[in-house]
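Here's the letter readout for the chains.
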Amino acid sequence: MGISRVLPPLSRVSPLYTSAFFHLVPIASAPLPFRPLATVSTAVSASQAQDASTLSYSKMGQNRWKPMCLYYTQGKCTMMDDPMHLEKFNHNCSWDLHVDPSNLNRICPQNLDFFLVLDLEGKVEILEFPVVMVDAKTMEVVDFFHRFVRPSGMSEQRINEYIEGKYGKFGVHGVWHDTAIPFKDVLQQFEAWLAQHHLWEKQLGGSLNRAAFVTCGNWDLKTKVPQQCNVSMVELPSYFMEWINLKDVYLNFYKRRATGMMTMMKELRIPSLGSHHLGFDDAKNISRVLQRMLADGALIRITARRKPDYPHEVEFLFRNRIR
Ligand SMILES: [Zn+2]
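Attention here is on the structure that accompanies the text. (Residues numbered from 1 in each chain as written. Predicted model: local features only at pLDDT ≥ 70, side-chain atom pairs only at ≥ 80, totals over all residues.)

1. What to know about the sheet that holds strand β6 (residues 242-245)
The strands making up a sheet associate through hydrogen bonds between their backbones, and the pairing can be parallel or antiparallel. Selection criterion: When DSSP finds two or more bridges between a pair of strands, those strands are recorded as paired. Numbering of helices and strands runs from the N terminus; a helix is a DSSP stretch of H or I covering at least four residues, while a strand is a stretch of E covering at least two. Residues are scored as being in contact if the C-beta atoms we place from backbone atoms lie within 7 Å. Note on definitions: angles span 0 to 180 degrees between N-to-C directions of axes, and those axes are lines fitted to C-alpha atoms, for helices only across the stretch in contact.
One open sheet accounts for eight strands, arranged β4-β3-β2-β1-β5-β6-β7-β8; its pairing is mixed. The open sheet is flanked by β4 (181-182) and β8 (310-316), the only strands paired with a single partner. For strand β5 (residues 211-215) and β6, the ladder comprises three bridges, and the chain directions are parallel. Residue pairing for β6: V214 is matched across the bridge by I244. Sheet contacts for helix α6 (residues 183-196): β2 (128-135), β3 (141-150) and β4; angle to β3, the most-contacted strand, approximately 165°.

Here it is as C-alpha cells:
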C-alpha cells in the first residue's frame, strides 16, 4: 500500500529515549483530534464496508484510520505536542483493536492470561520485532513492544539496499534507519518489558508466566529466532521454547485450512488494516484474528514446544496441523 509516512526530522528524535520511557507512555493516550470518515485511507480494506465482524469497528466509523507513528510504537516519538503530527499518525495502538463487551459472551476459559502476538519481518536477518499483548479474558490490547532490528552480519551498503527494498514501498525506511538497534539489544529491552509485566524473570528463566507467543505459522520461533541468535551470538532465550501457531488452532477449531494471515482474515471477514508485511501492522491484524477466534469460543493452546534436553527438536502438539 502506498501510504507515505512523512517522518519527523531526525533532529527531533532523541537517541536518549530508553525502553523505560516507552513504558511510561500509556496505550490509551489522550483523545486525538480525529477527522470524520470522509477521508478514510485507501489502506483500509474495501471489505471493511461490508464487514460482518463480531468485533466492533464503530470507532473506526467515526474516526479516520491512519498509520501508526512508528517512532511512538518504539517509545521514540518526540512530536507528541505537534497537532499536525498527531493528525497524521495514530498514537494509540489499541483504538483499532477495540473490543465490544457484547462479544465476550461465548469466550471460553483459557489456560493462559495473556497472548503475545509476534510477527517478525526479515528473511536474511530479522529487521523488525513487533509484539502485541492481548488479555485472554477481555481480549483487550494491554501493551505492545516494537523495535526495528539492525542486522549484525551485513555491510552498510547491503543493509541500505535491503531496507530500501523492504520498507521503501511503505515509506518507513527513514524511521527504520533512525531507530533500528541490534537484535541483542532488542532482546535485552524485550526482557525488561516482559519483567515489567511479570511475564518472565531472567533470574528464574523458564517459559513465560501464564502467557504464550502467538504466531502465524512456525517460521518465527522454530526457524528465524534460533537463526538470528546464532548470527548475533546469543543463546536462544528460554521464553522462546514454546508457542501457539494460530493456523493450527484455526484448522482444529473451524475445521478449515488457512495458509496464511490474509486467508484467515478473508474467511472471517475481518478487515485488514495497514500495510501487509509491515511487522507491526501484521501483528495487529493477527491480533484481530485472535480476538475473533476468542470471541467465537476457541481454546487457544500451545501448539509447538522444544524438548528441554534437545532444544533443536520441536514437538508439535496437534495431530491435525498445517504443514
Ligand atoms: Zn509520533
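Read on, since the account is not over.
2. What to know about the nonpolar core
The condition is simple: Connectivity within a nonpolar core runs through C-beta atoms within 7 Å, and the core itself is a set of buried Ala, Val, Leu, Ile, Met, Phe, Trp, Tyr and Cys residues. As a rule, residues whose C-beta atom has 12 or fewer other C-beta atoms within 10 Å are exposed, those with 20 or more are buried, and those in between are partly exposed; C-beta atoms are placed from the backbone.
Formed by 77 residues in total, the largest nonpolar core has its most connected members in F115, L116, V117, V214, V289 and L290. It is helix α10 (residues 279-295) that provides the largest number of residues to this core, a total of eight residues. Other than its neighbours up to four places away in sequence, V117 contacts V131, V132, V134, V214, A283, I286, S287 and L290.

3. So, the pairing of strand β7 (residues 304-307)
The pairing of β6 with β7 spans two bridges and is classified as antiparallel. Its bridge partner being in β7, W243 is matched across the sheet by A304. Here β7 runs beside β8; their pairing, made up of four bridges, is antiparallel. Bridged to R305 within β8 is E315. The antiparallel pairing of β7 with β8 creates a hairpin that spans two residues between the two strands.

4. Details of unusual backbone geometry
A positive phi angle is found at H198, which is not glycine, with a value near 55°. Looking at where H198 falls in the secondary structure, it is placed in the loop between α6 and β5. Judged by the 12 C-beta atoms lying within 10 Å of it, H198 is exposed. The phi dihedral of M233 is positive, around 55°, even though this residue is not glycine.

5. Points about the environment of I270
The topology assignment puts I270 in the loop between α9 (261-268) and α10. Accessibility expressed as a C-beta count within 10 Å gives 24 for I270, which makes it buried. When the C-alpha atoms of I270 and R288 are compared, they prove to be 7.5 Å apart, with 18 residues separating the residues in sequence.

6. Here we look at helix α4 (residues 156-167)
Our working rule: An expected span of 1.5 Å times one less than the residue number is assigned to each helix. Working note: the arc is built from the helix axis to C-beta atom directions.
Taking 1.5 Å per residue as the helical rise, α4 with its 12 residues ought to reach 16 Å, and the 16 Å between its terminal C-alpha atoms agrees with that figure. Taken as a whole, α4 has its buried residues at I163, K166 and Y167. Taken around the axis of α4, the buried residues stretch over an arc of 75°, which confines them to a single face. Across from the buried face of α4, at angles greater than 90 degrees, the exposed residues are Q157, R158 and G165.

7. A word on helix α8 (residues 246-254)
Among the residues of α8, those classed as buried are L246, K247, D248, V249 and Y250. Just downstream of α8 lies K255, where phi reads positive at about 60°.

8. Let's talk about the packing of α9 against α10
Condition: Note on angle classes: values under 35 degrees are labelled roughly parallel, values over 145 roughly antiparallel, values of 65 to 115 roughly perpendicular, and the remainder oblique. Left-handed describes a crossing whose near helix is turned anticlockwise from the far helix by less than a right angle; the clockwise case is right-handed. Under the scheme applied, nonpolar residues are Ala, Val, Leu, Ile, Met, Phe, Trp, Tyr, Cys and Pro; charged residues are Asp, Glu, Lys and Arg; polar residues are all the others, including Gly.
Where α9 meets α10, the axes come as close as 10 Å, and the angle between the chain directions of the two elements is 45°. It follows from the interaxial angle that α9 and α10 lie oblique. In terms of crossing hand, the pair formed by α9 and α10 is left-handed. Mapping the contact onto sequence places M261, M264, M265 and L268 in α9 and D282, N285, I286, V289 and R292 in α10. When its residues are assigned to classes, the contact of α9 with α10 shows six nonpolar, one polar and two charged.

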